[in-house]
Amino acid sequence: VQLVESGGGLVQAGGSLRLSCAASGSTFSINAMGWYRQAPGKQRELVAAITSGGGSANYAASVKGRFTISRDNAKNTMYLQMYSLKPEDTAVYYCNGVGNDLYDYWGQGTQVTVSS
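Residues numbered from 1 in each chain as written. Predicted model: local features only at pLDDT ≥ 70, side-chain atom pairs only at ≥ 80, totals over all residues. Heavy atoms only, no water.

Asker: Quick one: what's the story with the pairing of strand 5 (residues 45-50), residue by residue and with numbers?
Answerer: Pairing of strand 4 (residues 30-38) with strand 5, which is carried by 5 bridges, proceeds in the antiparallel orientation. From the neighbouring strand, Met33 faces strand 5, where its bridge partner is Ile50. Pairing geometry for strand 5 and strand 6 (residues 57-59), over 3 bridges, is antiparallel. Within strand 6, the position partnered with Ile50 by the bridge is Ala57. (Pairing = 2+ DSSP bridges. Helix = DSSP H or I, 4+ residues; strand = E, 2+ residues; numbered from the N terminus.)

Asker: Please give an account of the state of the cysteines that cites residues and values.
Answerer: A full pass over the atoms with the stated rule returns 1 disulfide. The disulfide bridge from Cys21 ends at Cys95, spanning 1.9 Å between sulfur atoms. An S-S torsion of about -65° defines the bridge between Cys21 and Cys95 as left-handed. Here Cys21 is found in strand 3 (residues 17-24), whereas its partner Cys95 is found in strand 9 (residues 91-99), with 74 residues between them in sequence. With a relative accessible area of 0%, Cys21 lands in the buried category. (Disulfide = S-S within 2.5 Å. Buried < 20%, exposed > 50% of the residue type's maximum accessible area, 1.4 Å probe, protein only.)

Asker: Go over the nonpolar core, please, and point to the residues and values.
Answerer: Counting 27 residues, the largest nonpolar core has Trp35, Leu80, Met82 and Tyr93 as its most contacted members. Per element, the largest residue contribution to this core is 4 residues, and it comes from strand 3. Apart from residues no more than four positions distant in its own chain, Met82 is found in contact with Gly15, Ser16, Leu17, Leu19, Arg66, Phe67, Tyr93 and Val112. (Core = buried A, V, L, I, M, F, W, Y, C linked by side-chain atoms within 4.5 Å. Contact = heavy atoms within 4.5 Å.)

Asker: So what's going on with the pattern of salt bridges? Residues and values would help.
Answerer: The final tally for this structure, using the stated rule, is 3 salt bridges. Between Glu45 and Arg37 there is a salt bridge, with the nearest N and O atoms lying 2.7 Å from each other. Judged by its relative accessible area of 35%, Glu45 falls in the partly exposed class. Arg66 is the partner of Asp89 in a salt bridge, and the nearest nitrogen-oxygen pair spans 2.8 Å. (Salt bridge = Lys/Arg side-chain N within 4 Å of Asp/Glu carboxyl O.)

Asker: I'd love a proper account of the side chain of Ser29, names of residues and values included.
Answerer: Locating Ser29 in the fold gives a position in the loop between strand 3 and strand 4. In this structure Ser29 comes out as buried when scored by relative accessible area, which is 11%. Looking at Ser29, its side chain comes within polar contact range of the main-chain oxygen of Ser26, at 2.6 Å. Those residues within four positions of Ser29 in sequence are excluded, and the remaining contacts are Val1, Val98, Gly99, Asn100 and Tyr105. (Polar contact = N/O pair within 3.5 Å; in protein donor to acceptor, adjacent residues only side chain to side chain.)

Asker: Lay out unusual backbone geometry in plain terms, naming residues and giving numbers.
Answerer: One non-glycine residue with positive phi stands out, namely Asn76, at about 55°. As for its position among the elements, Asn76 is in the loop between strand 7 (67-72) and strand 8 (77-82).

Asker: Any details on the packing of aromatic side chains? Residues and values, ideally.
Answerer: Going through the model one piece at a time under the given rule, you end up with 2 aromatic pairs. Taking the centre distance of 5.0 Å and the plane angle of 65° together, the rings of Tyr36 and Trp106 count as edge-to-face. Placement of Tyr36 in strand 4 and of Trp106 in strand 10 (residues 104-106) is noted, with a sequence separation of 70 residues between them. Accessibility expressed as a relative area gives 22% for Tyr36, which makes it partly exposed. According to the relative accessible area criterion, Trp106 is partly exposed, its value standing at 35%. Both rings, one in Tyr103 and one in Tyr105, keep their centres 4.8 Å apart while their planes meet at 65°; by these two values the pair is edge-to-face. By relative accessible area, which is 18% here, Tyr105 ends up buried. Here the guanidinium or amino end of Arg44 rests over the ring plane of Tyr94, the centre of that ring lying 3.7 Å away. (Phe/Tyr/Trp six-rings, centres within 6.5 Å; stacked < 30°, edge-to-face > 60°. Lys NZ or Arg CZ within 6 Å of the ring centre and 35° of its normal.)

Keep in mind that these numbers describe shape and distance, not what the molecule does.
Next comes the structure, spelled out in structure tokens:
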């Protein structure tokens, strides 16, 4: 399984971005998926997660109400729509997929920078 993120960039505070994570390979083996982020000098943290069918999602308290996670299994793609971005959202965002054997798959990350 390979995961490739896209959609990061530089945006002003209050702006929006949509991240995408395209999966390839043995995508049938992926169950839950999620977005994580890591800011400089900080630990990687879970931003949002979604179940295999996309029917249920959960969010970190810091992004709830501003970010929306979704997935299109027909396109093997997961999304993170981000609104009302804040400078503290600046981080490298990583796509994660959990396999049937609970193996964690990771993308290479995409940089999101929010200027004040």
